[in-house]
Each structure stands twice: as C-alpha cells, then as structure tokens.
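What the coordinates show
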Amino acid sequence: MKPFFAVLKKELLSYFFSPLAYVILTAFLILNGGIFYIILSYLNSPTAPHGAVLKAFFGGNVFYWFYILFIIPALTMRLISEEKRLGTLETLMTSPITETQVILSKFFASLIIYLFLWLFTFIYVVILISYTSIDLMPVLTGYIGIILQGSAFLSAGILASSFSRNQIVSAIWAFVILIILFTFGFLYQLVPSPKFKNVVEYATLWEQMEWFGKGIIDTRGIIYSLSLTILFLFLSIQVLKFRKWR
C-alpha cells in the first residue's frame, strides 16, 4: 500500500500547491454562496411556493449542475494527461505500483479535494439552524447524494484524462461524458417500451439528486452511482494497461 499512499500524497500536494485549485475553490464558493442567497431570498418571498431551502440547494436547481459540469473536468483534467505530457507516466508504471493503485490513488485524491470544496457549504446549514429549526435528514442525504454522484463524475473525468496528454482536450472529453450522463435519463420519453422506459428513467441524475435532497435514500440511485464509478475506474485501469503493453 506504500506506493498507493505515495501517489495519493503527491496528488494532494499538487492540488494544494496549484493556483488552479484556489481558482476553482474561489469560483465554487462564490457560485454556491450566490445560489444559496438567491434560493433563500426567493423562498422567503410571500408569493413563493412552499419549499425547503436545502432541498432546492442540493441538486434542485439548474445552477448546481452547471458548476458541477465545469468543476469536475477542471479537477480531473491533469491527473493522467499531465503525467503523459511530462513523460512521468512511463516512469511511474515501471515502479513497483499497479495500474489499479495509480488510478485509485488519483481518484481518491480528487475525491478528497471535491469533498473539501463541499465542506465549506456546511456553513449554510449552520446559518439556517441559527435562525430556524430544520430537518437534518435531508441535509445528510443531500451530502450522501453529492458524494455518490461526485464519485461517478470524478471517475468519468479520470477516464477522460487518460485519453490525451493535453489537459484542455481531457477537460473537453470529461465535459462530453458528463453531458451524456446528465441527458441520458431524459431519453425515457423517447423509449416506446414501458419496461425499458422505467429502467432509463432511473438513470435520471436530476431526479436522483432531488430524492436525496428530500431526505429519501433510494437504493437504485446508490447502485447506479456506484456502478458508474466502478465502470469508469475499471475502464481507466484498462487504458493504462493497454498503454503499458502497446
């Protein structure tokens, strides 16, 4: 496990010593703070429909998906492509470390940074608790949904990063994959078969996140996100293996 933790440490240090990480953090906090304020102001209006602030905040608004679609590629675009560009990937793969350890160490490094970003949003929960009583179950399930879907998106970004040595190209690939994942669930309206339509409908990420925001844990959403995470990580490992023996 030493090689795994060595790469994990290296990636975390690379994030914290990179100016891009602080740009992402700043943009993330500004966008999240602005969205929280807009939702709070809107729901505080007498003419607004009844609804919980955090329910709308956790995936119940289009802005959530907007910055997820851009922040995830920014977090993952350099993980493999930068190693390729610098020529350090070959050196890394000749060291006593497996392709699985490389991919998992980079995945968990990006996941830690992703969770670090969301950690700051807990202040919104503290603000609401200081003014009113809230149900903490939707808060808990909301963060669970963020972690599960974030894992799937990050693993997709790592796969995209393994396609090219250019970070911008990798970010574009990641964005395309995430757009496909995001829109796939809406295709159920075009499916003629009722049974298959229900299956496709379960893949609607927007609806899954809304359920988490309501305090409901649907095992179908959990299985779907975990399955995507495992699939993308497996494909990333295979890409590295193919490159090694090419």
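Report follows, based on the coordinates.

Each value, and the rule that gives it
- Residues numbered from 1 in each chain as written.
- Predicted model: local features only at pLDDT ≥ 70, side-chain atom pairs only at ≥ 80, totals over all residues.
- Heavy atoms only, no water.
- Helix = DSSP H or I, 4+ residues; strand = E, 2+ residues; numbered from the N terminus.
- Buried < 20%, exposed > 50% of the residue type's maximum accessible area, 1.4 Å probe, protein only.
- Contact = heavy atoms within 4.5 Å.
- Areas by Shrake-Rupley, 256 points an atom, 1.4 Å probe, with all protein chains shown as cover.
- Expected span 1.5 Å × (residues − 1).
- Phe/Tyr/Trp six-rings, centres within 6.5 Å; stacked < 30°, edge-to-face > 60°.
- Salt bridge = Lys/Arg side-chain N within 4 Å of Asp/Glu carboxyl O.

Helices and strands together make up the secondary structure of the protein chain, namely 13 helices and zero strands. Counting the 246 residues in the protein chain, one finds 47% classified as buried. Put simply, 78% of the contacts in the protein chain that link residues at least 6 apart link residues at least 24 apart. Here the protein chain has roughly 13000 Å² of accessible surface; of this, 74% comes from carbon and sulfur atoms.

The subject of this paragraph is the side chain of serine 236. Residue position: serine 236 is located in helix 13 (residues 219-245). Serine 236 gets classed as buried once you look at its relative accessible area, which sits at 0%. Not counting residues up to four positions away in its chain, the partners in contact with serine 236 are Ile103, Ser155, Ile158 and Leu159.

Here the focus is helix 9 (residues 136-161). When the terminal C-alpha atoms of helix 9 are compared, their 37 Å separation across 26 residues agrees well with the 38 Å that a helix rising 1.5 Å per residue should span. Helix 9 sits mainly inside the fold: 21 of its 26 residues count as buried.

Turning next to the environment of serine 155. Structurally, serine 155 is set in helix 9. Look at serine 155 and you get buried, because its relative accessible area is 0%. Serine 155 sits 49 residues away from lysine 106 along the chain, and the two C-alpha atoms are 9.4 Å apart. Not counting chain neighbours up to four residues away, the residues in contact with serine 155 comprise Phe107, Leu228, Thr229, Phe232, Leu233 and Ser236.

Here we take up the side chain of glutamate 83. Take glutamate 83: it is sitting in helix 5 (residues 81-86). Dropping the residues within four chain positions of it, glutamate 83 is found in contact with Lys10, Glu11, Arg78, Thr88, Leu89, Leu92 and Lys106.

Taken as a whole, this structure holds ten aromatic pairs when the rule is applied. Considering the side-chain rings of phenylalanine 107 and phenylalanine 108, the 5.2 Å spacing of their centres and the 65 degrees angle between planes classify their relative orientation as edge-to-face. For phenylalanine 107, a relative accessible area of 5% translates into the label buried. Ring plane angle 75 degrees and centroid distance 5.4 Å describe the contact between phenylalanine 163 and tryptophan 173, whose orientation is recorded as edge-to-face. Linking phenylalanine 163 in the loop between helix 9 and helix 10 (167-184) with tryptophan 173 in helix 10, this pair joins segments that are ten residues apart in sequence. Residue classification places phenylalanine 163 among the partly exposed residues on the basis of a relative accessible area of 40%. With relative accessibility at 41%, the residue tryptophan 173 sits in the partly exposed group.

Tallied over the entire structure, the rule returns six salt bridges. Two residues, glutamate 83 and lysine 10, come together in a salt bridge whose shortest N-O distance is 3.1 Å. Residue glutamate 83 is found in helix 5, and its partner lysine 10 is found in helix 1 (residues 2-16); the two are separated by 73 residues along the sequence. A residue is classified by how much of its surface remains accessible, and glutamate 83, at 8% relative accessible area, is buried. Between arginine 85 and glutamate 82 there is a salt bridge, with the nearest N and O atoms lying 2.8 Å from each other. Note that arginine 85 and glutamate 82 are positioned in helix 5 at a spacing of three residues, about one turn of the helix.

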